[in-house]
Amino acid sequence: MAQYNFTVGDFVGNGERILEGIRRAHAEGCDLVAFPELALSGYPPEDLVFRSSFGRENRFHLERIAAACPPELVAVVGYVKGSGRDAYNAAAVIHDGRIWSQDKKLLPTYSVFDEDRYFSPAGEHYLFTVRGIQVGVTICEDIWFANGPARLLASRGAEVILNISASPYHTGKGFYRREMLADRARDNGVAVAYLNLVGGQDELVFDGQSLVFDAAGELMVQGRDFAEDFLTVDLEADNGARRRWGGTFGGEGAGETPVYRVVFSAAAPKSGTAPSVPPPTQNSKEDEQEDDVALDYRALVLGLADYVNKNGFERVIVGLSGGIDSALTATIAADALGPERVLGVSMPSPYSSRGSREDARKLAANLEIDCRILPINRVFGAYRRVLKRLFRGYREDVTEENLQARIRGNLLMALSNKYSRHLVISTSNKSEAAVGYTTLYGDMAGGFAVLKDVYKTRVYQLARHRNRLSPVIPDASLTKPPSAELRPGQTDQDSLPPYELLDAILRAYIEEDASVEEIVAGGHPSDVVARVVRLVDASEYKRRQAPVGLKITPKAFGRDRRIPITNRYRG
C-alpha cells in the first residue's frame, strides 16, 4: 500500500510517483500494489472534473501506467473515469496491460464533500481473484456503512476488502476510523486493507494512518501519520467470510447490484521477499485523546508546508505581536518550512508594551528566523491627521483600534507584493473569527490562515505541546493576559467571556448545532450564551472574506458550515 502525497492536476508528477510505487512493489515481490483514492488526478479535483480535457488526461496517463506495469503484478490506482456529467470516482485495477474500473458507489454530500455534484454512482461491482484470493475493491465512503458495498462483496465470496481512500483529518477521527474498520472486518469475516491519502490540499489535510485488519478484526499493520509510507503485508486465504455467510454466497447483503468475477492468471514466482512488519501498538481511546494535540500540531505543519510548496511560494511572512497566536503561527511555519523561509515582522504601535516587543524579539531569536521591525506610530499619526476633520465631534472608539490593525495588514501585504513569492500568513484563530473579534483587512489580511480552525484554548495547548519538544515560545506569551494592545490597558477579556467559557459555547453552537436553550441547559449562563450567539451570527460576513485556512475540527468555517449572511433566523 503506497501511502503517498499527490497534488491535484499534476498528472505527470502523480504518474511518476505511481510508477515509482509499482517498481518498488515489484522489486519486493508483491502480488498487488494499491494507491489512494483519485491518486492520479489528486483529491479533491472539484470542478476540474467538468472539463473534458481533464478526463482525457486521466485516461492518457492511466494507460501509460498500465503499459509500464509488470504483467505479474496487480495495481489498483484511483482516478477520474470520464468527464463532465458522465464522470466516476474510480479505482483502476490493472493487470497484464489491461484496465478494469471499479467505480465508487456511495458519494458523500456532507461536511466538505460534494461528490454527488461531480460523479455518478457505481452500478456494478467486481471480485478480483489474485493468486487464488478473492479481493473486493471499494473506495472511501463505501466502507463507512455497515450495509454498503463491503457487505455485498463479502456475501459474494470476497476474502479481502481493499479500500482506497482520501479521508481528511480532524481531531479524534483516527480512533473512530479504526473502530469502524475493525467492525467491518469482524462483522463480514474478511481482511480489510484501508489505504489513506497523506498531504495537504487547500484547507484539507490527509493524515495517512493506513490500516490492515485480519478477518477477526485484529490490527495487523498501521501506516505513519502525516508522512508518506510504503506498507507491505502478507495476507493468507481465510474462510472467515464463508463461516460468516454460512457457506452460501449471494444471500444477505447481496441486494440487486450485480457482482462480476475477474480471475487473473497465476502470478509468476515472487522476485523478492516482502519484509516482515512488526505488529503495531493499538491506542486506547484515552491514549488517542492524549495524542490529539500532537496530531493536530502535525496536521497544521503538514498542511502549511504543502500549501506553500505546492503553490510555489518561496517564503512566508508572519506579523509578530508578542502574543500567543503570532508566536504559534511563526513556530508552525518554521517547523513546516525551515527558519530560513520565514520572515517575521514586528510592528509596534503607541500601545505596544515593552514586554510584547521583547517577546517578539525572543521568539524570532529562538526560532532563528529573520525579523524586521516596522514601528507604525508615525503612520498611525498620519492616518489620524488625514481623518481629523471628518472625525470631528466623534469620540475615539474601535475605529482608531482597527486603523492600527489595518496599517499592519497593509505593511505585510506591501512586503508580499515587493518580495518575490512571499505569502502572508494570517494569525487569527477560530474563537476570534467566530465572534468577529478580528479586523477586516487588518489581522485578517493574508493568503493563508494556519489557525483558522483552532480555538483559542487549543492554541495554548498546541503552544505548550511544542514547547515540550523544545522551548521556543517565550513563557510570557503563554502566561500574560491575551491582548490586541490597541488601546491602553486593553485585554481580550474586556470584550469577550473567558476563553474556556467562550470556546465551550462556540463548540456547542458551531459543531453541534445546539440552540441557545440547549446550550443554557448544558450549564452555561444564559446572558453570555445569548451574546456569544448574537456575535457569531453577526460576523458571518467577515468570515466569508477570510483567507483559506486549515481544517482540523469536525466543522470548520467555510464549506463545512454554510450559513446565509442575510438571515433573520435566531435560535
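Residues numbered from 1 in each chain as written. Predicted model: local features only at pLDDT ≥ 70, side-chain atom pairs only at ≥ 80, totals over all residues. Heavy atoms only, no water.

Take the overall build of the protein next. Looking only at helices and strands, the protein features 18 helices and 20 strands. Expected size for 571 residues packed as a compact globule is a radius of gyration near 25 Å; at 26 Å, the protein falls within 12% of this value. The C-alpha extent of the protein, read off along each of the three principal axes, is 85 × 50 × 45 Å. With 571 residues in all, the protein has 57% of them scored as buried. (Helix = DSSP H or I, 4+ residues; strand = E, 2+ residues; numbered from the N terminus. Rg over C-alpha atoms; globule rule 2.2 N^0.38 Å. Buried < 20%, exposed > 50% of the residue type's maximum accessible area, 1.4 Å probe, protein only.)

Further remarks concern the packing of helix α8 (residues 324–337) against helix α13 (residues 456–469). Their axes nearest at 10 Å, the elements α8 and α13 cross at an angle of 50°. When the interaxial angle is binned, α8 and α13 end up oblique. In terms of crossing hand, the pair formed by α8 and α13 is left-handed. Where α8 abuts α13, its residues I324, D325, L328, T331 and D335 lie against K456, V459, Y460, L462, A463 and R466. Class assignment for the residues of the contact of α8 with α13 results in 6 nonpolar, 1 polar and 4 charged. (Axes fitted to C-alpha atoms, helices over the stretch in contact; angles between N-to-C directions. Parallel < 35°, antiparallel > 145°, perpendicular 65-115°, else oblique. Left-handed = near helix turned anticlockwise from the far one by under 90°. Contact = heavy atoms within 4.5 Å. Nonpolar A, V, L, I, M, F, W, Y, C, P; charged D, E, K, R; others polar.)

What follows deals with the sheet that holds strand β3 (residues 74–83). Two orientations exist for strands paired in a sheet by backbone hydrogen bonds: parallel and antiparallel. Reading across from one edge, β2-β3-β4-β5 is the order of the 4 strands in this open sheet, with mixed pairing throughout. In the strand order of this sheet, the two ends are held by β2 (32–34) and β5 (98–103), each with one partner. Neighbouring strand axes in the sheet, compared pairwise and without regard to direction, differ in orientation by 35° on average. Both β2 and β3 contribute to a ladder of 3 bridges, which runs parallel. The partner of A34 across the bridge, within β3, is V76. Contacting β3, β4 (86–95) and β5, helix α2 (residues 52–68) crosses the sheet at an angle of about 160° to β3. (Pairing = 2+ DSSP bridges.)

Within the structure shown, the criterion is met by 31 salt bridges. Between R131 and D31 there is a salt bridge, with its nearest N and O atoms 3.2 Å apart. Here D31 lies in the loop between α1 (11–27) and β2 and R131 lies in the loop between β6 (125–130) and β7 (133–139), a separation of 100 residues in the sequence. Of the residues examined, R131 reaches a relative accessible area of 43% and is grouped as partly exposed. (Salt bridge = Lys/Arg side-chain N within 4 Å of Asp/Glu carboxyl O.)

Below, the discussion takes up unusual backbone geometry. Working note: non-glycine residues mostly have negative phi, and peptide bonds are mostly trans. Omega for the peptide link from Y43 to P44 comes to -5°, which places this bond in the cis form. Positionally, P44 belongs in the loop between β2 and α2. Positive phi outside glycine occurs at D96, with the angle close to 55°. Within the secondary structure, D96 sits in the loop between β4 and β5. The backbone of Q209 shows a phi angle near 55°, a positive value even though the residue is not glycine. Summarising the element assignment, Q209 is placed in the loop between β11 (204–207) and β12 (211–213).

What follows deals with α8. Here α8 spans 20 Å end to end across 14 residues, near enough to the 20 Å set by a 1.5 Å rise per residue. Of all 14 residues making up α8, 13 are buried, and the element is well covered by its neighbours. A positive backbone phi angle near 95° is found at G338, which sits one or two residues after α8. (Expected span 1.5 Å × (residues − 1).)

Looking now at the side chain of T129. Here T129 is to be found in strand β6. Apart from the residues lying within four places of it in its own chain, the contact partners of T129 are Q134, V262, V263 and F264.

Turning to its location among the elements, V221 is positioned in strand β13 (residues 219–222). Residues V221 and A299, spaced 78 residues apart in sequence, show a C-alpha to C-alpha distance of 21 Å.

All right, on to helix α10 (residues 377–391) then. At R385, α10 shows its largest bend, some 30°. Residue G393 follows α10 closely and has a positive phi angle near 95°. (Bend = angle between axes of the 7 residues up to and from the residue.)

Further remarks concern the packing of aromatic side chains. All told, the structure shown has 15 aromatic pairs when counted by the stated rule. Ring geometry for Y110 and F113: centres 5.5 Å apart, planes at 75°, overall edge-to-face. The exposure class assigned to Y110 is partly exposed, which follows from its relative accessible area of 42%. Consider the rings of Y126 and Y260, whose centres lie 6.0 Å apart with planes at 45°: the pair is tilted. (Phe/Tyr/Trp six-rings, centres within 6.5 Å; stacked < 30°, edge-to-face > 60°.)

As summarised here, the arrangement of the 7 strands in space is β13-β12-β9-β8-β7-β6-β15, forming an open sheet in which the pairing is mixed. Each edge of the open sheet is held by one strand with a lone partner, namely β13 and β15 (259–263). Averaged over all neighbouring strand pairs, the angle between strand axes comes to 20°, with direction disregarded. Note: strand β9 (residues 191–196) against β12, 3 bridges, orientation antiparallel. What sits directly across from Y194, in β12, is L211.

In this section: the nonpolar core. L304 and I332 are the most contacted members of the largest nonpolar core, which totals 48 residues. Every element with two or more residues in this core is listed here: α7 (285–310), β16 (315–319), α8, α9 (354–367), β19 (422–426) and α13. The next biggest cluster of nonpolar side chains, apart from the first, holds 40 residues, and it includes A2, A66, L73 and V77. (Core = buried A, V, L, I, M, F, W, Y, C linked by side-chain atoms within 4.5 Å.)

The computed volume of the second largest pocket comes to approximately 540 Å³. Considering the residues around the second largest pocket, the lining is formed by 24 residues, among which D31, L32, V233, D234 and L235 are closest to the centre. Counting only elements with at least two residues in the lining of the second largest pocket, the list comes to β2, β7 and β8 (160–165). (1 Å grid on protein atoms, 1.4 Å probe; cavity = no way out; pocket = protein on both sides within 12 Å on 5 of 7 lines; lining within 4 Å. Points joined across faces, edges and corners; volume = space filled by probe spheres on them.)

On their own, these measurements won't tell you what the molecule is for.
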